[in-house]
Amino acid sequence: MSGCSSKSLVLVSLLGLLMLLLCGCSKAQSNQDCCLSYTRVRLPRWALKGYTEQLSSEVCDINAIIFHTYSGLKACVNPKEGWVKKHLLFLSHKLKKMSA
Amino acid sequence: MNFTEPRTADYPYYSDYASLITPPCSKLEVRNFTKSFLPVVYSLICVIGLVGNIFVVMTFALYERTKSMTDVYLFNMAIADILFVLTLPLWAVNYAADKWIFGDFICKITRGIYAINFSCGMLLLAFISVDRYIAIVQATKSFKLRARTLAYSKLICLAVWASSILISSSSFLYSESYNLTNETKEICDHRFDRMSESTMLKSLLLCLQVGFGFFIPFLFMIFCYTFIVKSLQQAQNSKRNKAIRVIILIVAVFLVCQVPYNIVLLVTAINMGKLGRSCDNEKIMAYAKYITEAIAFLHCCVNPVLYAFIGVKFRSYFVKIMKDLWCMRYKKYNKRSSRTNSDIYHSRQTSEILTDNASSFTM
């Protein structure tokens, strides 16, 4: 009799311990626009108006840079590629000049 | 005109780069859907869940005789469901306005309460099946065992709530109301450190949610209820068929409400962070998530019916309380007679409980 109750007590406390280590449920939103893959071609620098950043630490899953072109298009690009980094540098210089 | 000509030559693909670039996946149609569908569904669930669970809490609070462990769990589950359902109006407004307007603090609180009550409700479902298992399958030992656990009932419930709060602490920590980098509107969601392995963390959280929100209560229920049904089949009892039907109903409703949503969560966790998913599939997954989530939320409206109102004693006591409340308006001066009435009722209830101590108030 006492064996049974101690067994269930162990079970319950084990469950409790496991739960301690864990985190609760999330209510993630999935109605936001996200980049799912990257553009394969290189975009010309003069076509770019600005950029925004997509972070995997927020709603979307992957890291990406979104280039906005003068023609109103948005292009998802890989932030790790060299040409993207150069374009970003160029754009941030441009923005600095504009604000200065 | 002359000015752009040489540049086009430099970039031969310029003429059709619109077709070569990959734009972000636009979920405008999903947002239009969530704008109209979710506020309606959430409000309905909120109203129905609130009414049903308030009745349960009221009946248990006014019921003065000995309660079984299951009754105590049910009382706590109804409170958890009420708190959970009370966060839904905020989400309804969030989806209707397509942005979070309540600020950072309420975002943390809402998501925290949501997570606490979700895990608390699931834990209690598991504990209820264990208690019924002890009552029926271990019937010979159960009298002492149940009396002992009943003495610890407050402690057990405290432990359930404390562990739910601890489990949900990540929701408090990581929830934030913030501006998306490419939009001006605020949203209330998880946000991790820039440098951390967010994709891993996110899919881990999803897996834990499925594991603890679904698999653990499910395993407990399957284990306990199969043994209960087995031992009920051996017994010769007039109430046995009804009891078996109730158990099958409980498990079936749990599965119907929880399985679709948890499949969607698992698929999301598996696909998390993979490159090159198609936008159409992504939209379908978003629709599936919102619809199955609503079905899963419906579970807390059905709980009072499934666990409390199905019991004959609960129902009759509930009817009595309703009558008393109704009569109070007319019978204020006639207190004496109503008191004697309820005393007779109570002594009848007590003898009933003493004769079959294994069956709870609600089954």
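Residues numbered from 1 in each chain as written. Chains lettered and ligands numbered in written order. Predicted model: local features only at pLDDT ≥ 70, side-chain atom pairs only at ≥ 80, totals over all residues. Heavy atoms only, no water.

Engineer: Quick rundown of the environment of Arg194(B)? Include the residues and the values.
Structural biologist: Its location among the elements puts Arg194(B) in the loop between strand S2 (186-190) and helix H9 (198-234). Under the relative-accessibility criterion, Arg194(B) is labelled exposed at 54%. (Helix = DSSP H or I, 4+ residues; strand = E, 2+ residues; numbered from the N terminus. Buried < 20%, exposed > 50% of the residue type's maximum accessible area, 1.4 Å probe, protein only.)

Engineer: So what about the sheet that holds strand S1 (residues 48-54) of chain A? Which residues, and what values?
Structural biologist: Residues and elements named next belong to chain A. Read from one edge of the open sheet, 3 strands run S1-S2-S3, paired in antiparallel fashion. In this open sheet, the two strands that pair with only one neighbour each are S1 and strand S3 (74-77). If you compare each strand with its neighbour and ignore which way they point, the axes differ by 25° on average. For S1 and strand S2 (residues 64-69), the ladder comprises 6 bridges, and the chain directions are antiparallel. The partner of Glu53 across the bridge, within S2, is Ile65. The strands touched by helix H2 (residues 82-99) are S1, S2 and S3; relative to S1, the strand with the most contacts, the crossing angle is about 115°. (Pairing = 2+ DSSP bridges. Axes fitted to C-alpha atoms, helices over the stretch in contact; angles between N-to-C directions. Contact = heavy atoms within 4.5 Å.)

Engineer: With reference to specific residues and values, describe the interface of chain A and chain B.
Structural biologist: The partner chain B presents 76 residues to the 52 residues of chain A that form the contact. Between chain A and chain B, roughly 5,900 Å² of surface is buried when both sides are summed, and carbon and sulfur atoms account for 61% of that area. Where chain A meets chain B, there are 3 salt bridges. For Asp33(A), the salt bridge identified is with Arg31(B), shortest N-O distance 3.1 Å. Put simply, chain A and chain B have 13 residue pairs in polar contact (both at pLDDT 80 or more) between them. For the side of chain A that touches chain B, the secondary structure elements donating two or more residues are helix H1 (2-20), S1, S2 and S3 of chain A. If you tally residues by element for the side of chain A that touches chain B, the top one is H1(A), at 8 residues. Counted by class, the side of chain A that touches chain B contains 29 nonpolar, 15 polar and 8 charged residues. (Buried area = accessible area lost by both parts, 1.4 Å probe. Salt bridge = Lys/Arg side-chain N within 4 Å of Asp/Glu carboxyl O. Polar contact = N/O pair within 3.5 Å; in protein donor to acceptor, adjacent residues only side chain to side chain. Nonpolar A, V, L, I, M, F, W, Y, C, P; charged D, E, K, R; others polar.)

Engineer: Before we move on, could you go through a positive patch on the surface and cite the residues and values that matter?
Structural biologist: Residues and elements named next belong to chain B. Together, Lys239, Lys242, Arg245 and Arg315 make up a positively charged patch on the protein surface. Relative to the helices and strands, Lys242 resides in helix H10 (residues 240-271). Assessed through its relative accessible area of 35%, Lys242 is described here as partly exposed. (Patch = residues over 30% accessible without salt bridge, like charges linked within 9 Å, V, L, I, M, F, W, Y side chains within 5 Å. Areas by Shrake-Rupley, 256 points an atom, 1.4 Å probe, with all protein chains shown as cover. Lys, Arg positive; Asp, Glu negative; His and termini not counted. Charge placed at Lys NZ, Arg CZ, Asp CG, Glu CD.)

Engineer: Describe the UniProt feature "transmembrane region" (unreviewed entry) in chain B, naming the residues involved and giving the relevant values.
Structural biologist: Residues and elements named next belong to chain B. What UniProt calls "transmembrane region" (unreviewed entry) maps, in this numbering, to residues 40-63, 72-93, 113-134, 155-174, 203-225, 246-270 and 290-312. For residues 40-63, helix accounts for 96% and strand for 0%, while the C-alpha atoms at its two ends are 35 Å apart. Secondary structure across residues 155-174 divides into 95% helix and 0% strand, with the first and last C-alpha atoms of the span separated by 29 Å. (UniProt positions renumbered as here; feature names shortened; annotations may be inferred.)

Engineer: With reference to specific residues and values, describe the packing of helix H4 (residues 69-97) of chain B against helix H5 (residues 103-136) of chain B.
Structural biologist: Residue and element names in this part refer to chain B. Closest axis-to-axis distance for the H4/H5 pair is 8 Å, and the angle between their directions is 155°. Considered as vectors, H4 and H5 are oriented roughly antiparallel to each other. Handedness of the crossing formed by H4 with H5: left-handed. Broken down by class, the residue content of the contact of H4 with H5 amounts to 17 nonpolar, 6 polar and 3 charged. (Parallel < 35°, antiparallel > 145°, perpendicular 65-115°, else oblique. Left-handed = near helix turned anticlockwise from the far one by under 90°.)

Engineer: Tell me about the packing of aromatic side chains, and name the residues and values.
Structural biologist: Applying the stated criterion across every chain yields a total of 18 aromatic pairs over all chains. The interplanar angle of 50° and the centroid separation of 6.3 Å between the aromatic rings of Phe67(A) and Trp83(A) together place this pair among those described as tilted. Taken as a pair, Phe67(A) in strand S2 and Trp83(A) in helix H2 lie far apart in primary sequence, 16 residues in all. Neither Phe67(A) nor Trp83(A) differs from the other in exposure class; each is buried. On the numbers, 5.4 Å between centres and 55° between planes, the contact of Phe60(B) with Phe314(B) is tilted. In this pair, Phe60(B) is assigned in helix H3 (residues 28-62) and Phe314(B) in helix H12 (residues 312-328), connecting sequence segments 254 residues apart. (Phe/Tyr/Trp six-rings, centres within 6.5 Å; stacked < 30°, edge-to-face > 60°.)

Engineer: How would you explain the side chain of Asn117(B) if you had to name every residue and give the values?
Structural biologist: Residue and element names in this part refer to chain B. You can see Asn117 is positioned in helix H5. Classification of Asn117 as buried rests on a relative accessible area of 3%. Within polar-contact distance, the side chain of Asn117 engages the backbone oxygen of Ile113 at 2.6 Å. Asn117 has contacts with Ala80, Leu83, Phe84 and Trp161, leaving out every residue within four places of it along the chain.

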